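So the chains spell out like this:
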Amino acid sequence: ELYSHIYVEYYNKYPVIRKMVKSALKMDLNIKTKGEGRGQSVIADTFRQKGGSFWVAKDRDSNVIGCIGIGLRKKRQTTAEVLTNRIAEYEVQRLAVSSRCRGNGIGRQLLCAIEDTVTKHEAGLKSSHSSTACTVDLRFWAITPEPLHAANKLYQSCRFKKVESFQSGKIRMNVYCKTTTI
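Residues numbered from 1 in each chain as written. Predicted model: local features only at pLDDT ≥ 70, side-chain atom pairs only at ≥ 80, totals over all residues. Heavy atoms only, no water.

### Quick notes on the pattern of salt bridges
Next, step 1: All chains considered together, the criterion is met by three salt bridges.
Next, step 2: In this structure, aspartate 45 engages arginine 48 in a salt bridge whose closest nitrogen and oxygen atoms are separated by 2.5 Å. With aspartate 45 and arginine 48 both in helix H3 (residues 43-49), this residue pair falls three residues apart, about one helical turn.
Next, step 3: Assessed through its relative accessible area of 52%, arginine 48 is described here as exposed.
Next, step 4: Its salt-bridge partner being arginine 100, residue aspartate 59 comes within 3.4 Å of it at the nearest N-O pair. (Salt bridge = Lys/Arg side-chain N within 4 Å of Asp/Glu carboxyl O. Helix = DSSP H or I, 4+ residues; strand = E, 2+ residues; numbered from the N terminus. Buried < 20%, exposed > 50% of the residue type's maximum accessible area, 1.4 Å probe, protein only.)

What follows is the structure, encoded as structure tokens:
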């Protein structure tokens, strides 16, 4: 519910956003469409299958006020990179913060939490395979619609670099990347 409410104001101007949200709710959350009743959410399992996880932030009354997902992205490595280091790429997905809670650092805390979790996980893999990898380059990717100004500013303030933009229907999408070496 939170995820779809974030984008409602953009539906009429940018139909591609409606499609994006509908696809996310159908595939990632496994929620049945209107008239079929509400399905059971399997989002945690979906993200685990992607080599990641899904987190929610709740307020003191246990209301969901934010969410974020992270999953492995396809790795792209040259032979030289494999011999000297390992690259692990993850994609940030479904980052959303309730409009009534924005500006309180919730999005930043969610991003930091997934970065810390992935870094610890990859550091553990690195130590168990220390003979095959000298370093691990972690790349965190995020794609967000350009009209979502707060989301774009959040990624930039968290040291994500805008590396690409592309047109998707009538909307411009921004691609961000953050690299950390462990």
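The rest of the description comes next.
### Some remarks on the packing of aromatic side chains
Next, step 1: Counted according to the given criterion, the structure contains five aromatic pairs.
Next, step 2: Ring geometry for tyrosine 10 and tyrosine 14: centres 6.5 Å apart, planes at 40 degrees, overall tilted.
Next, step 3: With a relative accessible area of 15%, tyrosine 10 lands in the buried category.
Next, step 4: Note on tyrosine 155 and phenylalanine 160: the rings are 5.2 Å apart at their centroids and 65 degrees apart in plane angle, and the pair reads as edge-to-face. The pair tyrosine 155 / phenylalanine 160 is uniform in exposure class, with both members buried.
Next, step 5: Three or more aromatic residues joined by ring pairs form one cluster here, namely Tyr155, Phe160 and Tyr176.
Next, step 6: Cation over ring: lysine 50 sits above phenylalanine 47, and NZ or CZ is 4.4 Å from the ring centre.
Next, step 7: The ring centre of tryptophan 141 lies 4.2 Å from the NZ or CZ of arginine 73, which sits over that ring. (Phe/Tyr/Trp six-rings, centres within 6.5 Å; stacked < 30°, edge-to-face > 60°. Lys NZ or Arg CZ within 6 Å of the ring centre and 35° of its normal.)

### Here's the deal with helix H5 (residues 106-128)
Next, step 1: Taking 1.5 Å per residue as the helical rise, H5 with its 23 residues ought to reach 33 Å, and the 33 Å between its terminal C-alpha atoms agrees with that figure.
Next, step 2: All buried positions along H5 are accounted for by Ile106, Gly107, Leu110, Leu111, Ile114, Glu115, Val118 and Glu122. (Expected span 1.5 Å × (residues − 1).)

### Focus: helix H2 (residues 15-28)
Next, step 1: With 14 residues, H2 extends 20 Å between its outermost C-alpha atoms, agreeing within 8% with the 20 Å of an ideal straight helix rising 1.5 Å per residue.
Next, step 2: Among the residues of H2, Ile17, Val21, Ala24, Leu25 and Asp28 are the ones counted as buried. Buried residues of H2 fall within an arc of 105 degrees about the axis and therefore sit on the same side. Across from the buried face of H2, at angles greater than 90 degrees, the exposed residues are Lys19, Lys22, Lys26 and Met27. (Arc of directions from axis to C-beta.)

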